[in-house]
Amino acid sequence: MHAGLDVYEHYANENDYPDLDVAGAAKRLSAAIRCKTIDLGDDTDPEPYQKLHELIRTSFPHVMAAATIEEMGLDLLITIPGSNPALDAALLLAHQDVVPAQDSPAWEHGPFEGYRDERYIWGRGALDIKDMLTGELEALEYLLSHGRRPQRTVILAFGHDEETISRGATALAAELKARGVRAAWLLDEGTTTMFDGASWGAPGIAISDICVSQKGFLNVLLTAPGSGGHSSNPFGGTSLEHMARAITAISDEMPGPLLNDVMRETFRALAPCITEEPLKSLVQDVDANADQIARLASGRRELYPFVATTMAADMLEGGSAAPNVMPGDVTSILNFRLLPGTTAEDVMAVVNRALSKSGTDVTARAIHETPAGRQDSDQGAGYAELKEALEHFYKDMLVVPCFVCGGTDAIRYEGVCDSVLRITPFRPTPEEESEGVHGTNERISRRTYAQGIRVLIRLLESTSFAGASL
């Protein structure tokens, strides 16, 4: 992120939809923030979720009059039938849950107070991602209250545990698939703000990315057996030493940087704006120079995750409590983030090959996996309309295809939708985004919230309501 980027300089057409109830929308988001929806697995308190569901029922009367609302445990499915059943649906995602927050003096206002002042709505979820949840409802309420009716069915799917293991989204996607539902396009959260293009060789260019895929997630448990004993005779090396050698061997075995199909499209879109050499010359023929571009990108902190399946050694357990006692069994968990097109089987092959060369008896087992998204770079249904809506409300901003390096619920819905789009239409400042998402003093400005709702209204008008071009 580039802290010097003035996001508000790029806001445009803020007088569109002049009767949009911005004050009321801020009040409703504030009320949603006061619902302390935190997933704790089997210990989850259902009451805040039930409170949020009731808030939705009572705050959006035109949506409720047109829709069927289904509570599936703590998950929520809202369906507004379209006038043309032959059209595939539009699918809007958001998650109800937020990460925990301590009510500490570091917060200017309590994380679950939903405090509003003249500029901001404060609290956990203001940016991640109750703004998306209520904003989607606000956009539909606006259109329906003006007598508009959708041509294609619009479905809102709100899972309850995206911040943990996404059981809710998995169940909702399975239910839609079982019903035979197909979506023409899907919108879920993705990147939250625009950024300066300096790291991409395009300094001074404001960029936003519509993510058409996402990286996969794989945790691998390593176990190094040990029998303990006095450290005066560490014959063959201790279990901790074997673990260190194994982790190093796996790191050394990881494949080199790769410019996959999605990233090739990213650099093609950026090419006219890239002024920095040697990138400027290399992107004139992205396919021919893909390896060189990937190597260059891998040397930049901001770009490295986009050209590598990454490995992070994050957890280690089992060391001895005393310096003269050898440890027993030692375990470590490695976290891999898989480039689109890379599978868990690919990574496990690398891990096992490295271990076979390491001269240790360390073993590996995959313990948690979320597959990577598709690697094809096709910009499917809804992409052009979303790009147009973003460019209409954010001037002098380059919109490019990319992929998400983290995880979202969207991956669960690839079985019902081929065009999965990930971007948050609410564009806060980089400072607000970096400080607030999962941090303290999470907040969204009224101006940012209103502009994101306008993007959603325009997107729905162009894709799903009478007169839509899609």
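Scroll up to find the structure this text is about.
In this text, all values refer to a predicted model and were calculated from it rather than measured experimentally.

A. Broad picture of helix 6 (residues 239-253). Spanning 15 residues, helix 6 covers 21 Å between terminal C-alpha atoms, matching the ideal 21 Å at 1.5 Å per step. Contact partners of the buried residues in helix 6: strand 9 (216-224), strand 10 (310-317), strand 11 (330-338) and helix 10 (344-357).

B. Structural detail: a positive patch on the surface. Together, Lys27, Arg34, Lys51 and Arg116 make up a positively charged patch on the protein surface. Within the fold, Arg34 resides in the loop between helix 1 (22-33) and helix 2 (46-59). With a relative accessible area of 37%, Arg34 lands in the partly exposed category.

C. Quick peek at the nonpolar core. Core analysis: the biggest nonpolar cluster contains 99 residues, and Val63, Ile78, Leu187 and Phe267 have the highest contact counts within it. Counting residues per element, this core draws most heavily on helix 4 (residues 130-145), which supplies eight residues. For Phe267, the residues in contact, after removing those within four places along its chain, are Trp200, Leu259, Ile274, Leu279, Val283, Val286 and Ile293. Counting 24 residues, the second-largest nonpolar core is a separate cluster that includes Met254, Leu334, Ala354 and Ala372.

D. Region of the structure containing the packing of helix 1 against helix 13 (residues 446-463). Running from N to C, helix 1 and helix 13 point in directions that differ by 100 degrees, and their axes come no closer than 10 Å. Taken as axis vectors, helix 1 and helix 13 run roughly perpendicular relative to one another. For the pair helix 1 and helix 13, contact is made by Val22, Ala23, Ala25, Ala26 and Leu29 and by Arg446, Tyr449, Ala450, Ile453 and Arg454, respectively. Here the contact of helix 1 with helix 13 is built from residues that sort into eight nonpolar, no polar and two charged.

E. The pairing of strand 14 (residues 420-423), seen in detail. Residues Val420 and Arg422 line one face of strand 14 and the alternating positions Leu421 and Ile423 line the opposite face, and both faces are buried. As paired elements, strand 6 (residues 183-191) and strand 14 share four bridges and run parallel to each other. Across the sheet, the residue bridging to Leu186 is Val420, located in strand 14.

F. Local environment of the packing of aromatic side chains. Per the stated rule, a full pass over the model turns up nine aromatic pairs. Aromatic pair Tyr11 and Tyr394: ring centres 5.3 Å apart, planes at 75 degrees, arrangement edge-to-face. Of the two residues, Tyr11 sits in the segment before helix 1 while Tyr394 sits in the loop between helix 11 (383-393) and strand 13 (397-404), which places them 383 residues apart along the sequence. We note that Tyr11, like Tyr394, is buried. When the ring of Phe306 is compared with that of Phe403, the centres are 5.5 Å apart and the planes differ by 50 degrees; the resulting orientation is tilted. Here the residue Phe306 occupies a position in the loop between helix 9 (290-298) and strand 10, and Phe403 occupies one in strand 13, the gap between them amounting to 97 residues. On the basis of relative accessible area, Phe306 is assigned to the buried category, the value being 13%. Ring pairing ties together the aromatic residues Trp200, Phe267, Phe306 and Phe403, which thus form one cluster. For Arg443, the ring lying beneath its charged end belongs to Tyr120, and the centroid distance is 5.1 Å.

About the criteria used
Residues numbered from 1 in each chain as written. Predicted model: local features only at pLDDT ≥ 70, side-chain atom pairs only at ≥ 80, totals over all residues. Heavy atoms only, no water. Helix = DSSP H or I, 4+ residues; strand = E, 2+ residues; numbered from the N terminus. Expected span 1.5 Å × (residues − 1). Contact = heavy atoms within 4.5 Å. Patch = residues over 30% accessible without salt bridge, like charges linked within 9 Å, V, L, I, M, F, W, Y side chains within 5 Å. Areas by Shrake-Rupley, 256 points an atom, 1.4 Å probe, with all protein chains shown as cover. Salt bridge = Lys/Arg side-chain N within 4 Å of Asp/Glu carboxyl O. Lys, Arg positive; Asp, Glu negative; His and termini not counted. Charge placed at Lys NZ, Arg CZ, Asp CG, Glu CD. Buried < 20%, exposed > 50% of the residue type's maximum accessible area, 1.4 Å probe, protein only. Core = buried A, V, L, I, M, F, W, Y, C linked by side-chain atoms within 4.5 Å. Axes fitted to C-alpha atoms, helices over the stretch in contact; angles between N-to-C directions. Parallel < 35°, antiparallel > 145°, perpendicular 65-115°, else oblique. Nonpolar A, V, L, I, M, F, W, Y, C, P; charged D, E, K, R; others polar. Pairing = 2+ DSSP bridges. Phe/Tyr/Trp six-rings, centres within 6.5 Å; stacked < 30°, edge-to-face > 60°. Lys NZ or Arg CZ within 6 Å of the ring centre and 35° of its normal.

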